Amino acid sequence: SGDVILKIYDILGNEIATLVNEEKTAGEYEVEFSAKGGSASGGDARGLASGVYFYRLHAGGFSAVQKMLLMK
């Protein structure tokens, strides 16, 4: 187990949402993120525009940043 943080950022590096920020045990997890408005699993992304966003996953000693494309 360890601390897990999953955040969404815009192209300028501004934090858009924090989807996960808690201690988790080892295993597979799924997080739902709604860009339509409102929140899903702690994310609040009211009216996000189409474009490029990044998500950062930090779990224990592991850290990764990946690009995602939002198309409406």
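This report concerns the structure included in the present document. The written sequence of each chain sets the order in which its residues are numbered from 1. At least 70 in pLDDT is required for a residue's local features to be given in this predicted model, at least 80 for side-chain atom pairs to be given and counted, and no such filter applies to totals for whole chains, interfaces and linings, which use all residues. Working from all heavy atoms in the structure, the side-chain values ignore hydrogens and water.

## Section: the environment of Leu-70
The numbering of helices and of strands both runs from the N terminus, where a helix is a DSSP run of H or I of at least 4 residues and a strand a run of E of at least 2. Topologically, Leu-70 is positioned in strand E6 (residues 62-70). Exposure categories follow from relative accessible area, calculated using a 1.4 Å probe and restricted to protein chains: below 20% of the type maximum is buried, above 50% is exposed, and the middle band is partly exposed. Given the relative accessible area of 18%, Leu-70 is considered buried. Between the C-alpha atoms of Leu-70 and Gly-51, which are 19 residues apart in sequence, the distance is 5.3 Å. Those residues in contact with Leu-70 that lie beyond four places of it in its chain are Ala-35, Leu-48, Ala-49, Ser-50, Gly-51 and Tyr-53. Whether two residues touch is decided by their heavy atoms; if any such pair falls within 4.5 Å, the residues are in contact.

## Quick look at the pattern of salt bridges
Should the charged atoms of two oppositely charged side chains come close, the side chains can pair. The term salt bridge refers to a pairing of a side-chain nitrogen on Lys or Arg with a carboxyl oxygen on Asp or Glu at a separation within 4 Å. Under the defined criterion, the tally for this structure stands at two salt bridges. Between Lys-7 and Glu-15 there is a salt bridge; the shortest N-O distance is 3.3 Å.

## Description of the layout of surface pockets
Roughly 400 Å³ of internal volume is contained in the largest pocket. Both site types are read off a 1 Å grid over the protein atoms alone. A 1.4 Å probe that fits but cannot get out defines a cavity, while an open set with protein on both sides within 12 Å along at least five of seven lines defines a pocket; lining residues have an atom within 4 Å of a point. Taken together, 17 residues line the largest pocket, and the ones lying closest to its centre are Val-4, Leu-6, Tyr-29, Val-31 and Leu-57. Residue assignment for the lining of the largest pocket shows that the elements contributing at least two residues are strand E1 (2-10), strand E2 (15-24) and strand E5 (51-59). By the convention adopted, Pro, Cys, Tyr, Trp, Phe, Met, Ile, Leu, Val and Ala count as nonpolar, Lys, Arg, Asp and Glu as charged, and the other residues, Gly among them, as polar. Its residues assigned to classes, the lining of the largest pocket shows 13 nonpolar, two polar and two charged. Grid points are joined across faces, edges and corners, and a volume is the space filled by probe spheres set on the points.

## Digging into the environment of Tyr-53
When you line up the elements, Tyr-53 lands in strand E5. Judged by relative accessible area, Tyr-53 falls into the buried class, the value being 8%. On a C-alpha basis, the gap between Tyr-53 and Leu-69 in space is 6.2 Å, while along the polypeptide they are 16 residues apart. Residues within four places of Tyr-53 in sequence aside, it is in contact with Ile-8, Tyr-9, Asp-10, Ile-16, Leu-48, Gln-66, Lys-67, Met-68 and Leu-70. Polar contact is defined as a pair of N or O atoms within 3.5 Å, subject to the rule that within protein one atom must be able to donate a hydrogen and the other to accept it, and that residues adjacent in sequence are counted only when both atoms are side-chain atoms. Reaching out from Tyr-53, the side chain makes a polar contact with the backbone oxygen of Ala-49 at a distance of 2.8 Å.

Fair warning: the whole summary comes from geometry, so function is off the table for now.
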